[in-house]
Amino acid sequence: MTLKEILKLDFGVELPISGGYGNSIETPIIIHRTDINDYVRTEYFILNCLGKGRKIKWKILKQELLSHNDKNIDKIKIETIQTTEFEIITQIENYYFDISECYGNIERPKSSFNENDTLDKIKMRLRELENLNEFNKKCIDLLKKGELFMDYKLASDFLAEIKKDESLTLFESMMHHTQKPIITVLRIIGKELNENYN
């Protein structure tokens, strides 16, 4: 049975995926492009379903973009936490997602890109978003503390807001030019914002 079929059976969802179970770079979960093209939310949703199925808690430790066999592979390293009657078991696991259809190879002139300027613009926009509503304020506060990605639902909802925001083009530019996914960029900026406020 495929992962797509298992998720449909257990959770009643039809996800735009195929491929393997994502536990090795050779058998990634392939995420197909849709009109929304929100592959990060799909990745989180899959990890959340797998966690529920295994009755474990999990949190993201690292996310990085890799190139393998001419494919764009999103590698997500997570820590799993399983509580039994006698002990708490923690493990580190890697999941691999083929996001080639969603991410693509858009060529942009290198000369027009400046990483520090782009980070500064994103930082400035996050400060504006922080003042828009309580939800953003809560998320950005957790981001500064390095705790946002410990809460799947909150992080997923905040990423959905980013996907609709004008700053998305800046995040995409960072990904294309520096191979840093949205989550990595948010972690970098969260750390800088935290240092500025302390």
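Notes on the structure in this doc start here. Remember, it's a predicted structure, so these values are computed and weren't measured experimentally. (Residues numbered from 1 in each chain as written. Predicted model: local features only at pLDDT ≥ 70, side-chain atom pairs only at ≥ 80, totals over all residues. Heavy atoms only, no water.)

**Structural notes on unusual backbone geometry**
Thinking step 1. Even without glycine at this site, K55 takes up a positive phi of about 55°.
Thinking step 2. In this fold, K55 is placed in the loop between α2 (39–54) and β3 (57–68).
Thinking step 3. Here D70, not a glycine, exhibits a phi torsion of approximately 65°, which is positive.
Thinking step 4. By the element assignment, D70 lies in the loop between β3 and β4 (71–83). (Helix = DSSP H or I, 4+ residues; strand = E, 2+ residues; numbered from the N terminus.)

**Considerations on the environment of E172**
Thinking step 1. Among the structural elements, E172 can be located in helix α7 (residues 168–178).
Thinking step 2. Judged by its relative accessible area of 33%, E172 falls in the partly exposed class. (Buried < 20%, exposed > 50% of the residue type's maximum accessible area, 1.4 Å probe, protein only.)

**Points about the sheet that holds strand β2 (residues 29–31)**
Thinking step 1. Spatially, the five strands line up as an open sheet ordered β1-β2-β5-β4-β3, and their pairing is mixed. What marks the edges here is a single partner per strand, and that holds for β1 (17–19) and β3. Within this sheet the neighbouring strands show an average axis-to-axis angle of 30°, counted without direction.
Thinking step 2. Pairing of β3 with β4, which is carried by eleven bridges, proceeds in the antiparallel orientation. Its bridge partner lying in β4, E64 is registered against K75. (Pairing = 2+ DSSP bridges. Axes fitted to C-alpha atoms, helices over the stretch in contact; angles between N-to-C directions.)

**Brief notes about the packing of aromatic side chains**
Thinking step 1. For the structure shown, the criterion picks out three aromatic pairs.
Thinking step 2. Judged by centre distance (6.1 Å) and plane angle (35°), the rings of Y44 and Y152 are tilted. Taken together, the residues span a long stretch of sequence, with Y44 in helix α2 and Y152 in helix α6 (residues 152–164) at a distance of 108 residues. A single burial state applies to Y44 and to Y152, both of which are buried.
Thinking step 3. Arranged with centres 6.0 Å apart and planes meeting at 50°, the rings of W58 and Y152 form a pair that is tilted. With W58 in strand β3 and Y152 in helix α6, the pair connects residues that are 94 residues apart, well separated along the chain. The two residues W58 and Y152 agree in class, both being buried.
Thinking step 4. Every member of this aromatic cluster is reached through a ring pair, and the members are Y44, W58 and Y152. (Phe/Tyr/Trp six-rings, centres within 6.5 Å; stacked < 30°, edge-to-face > 60°.)

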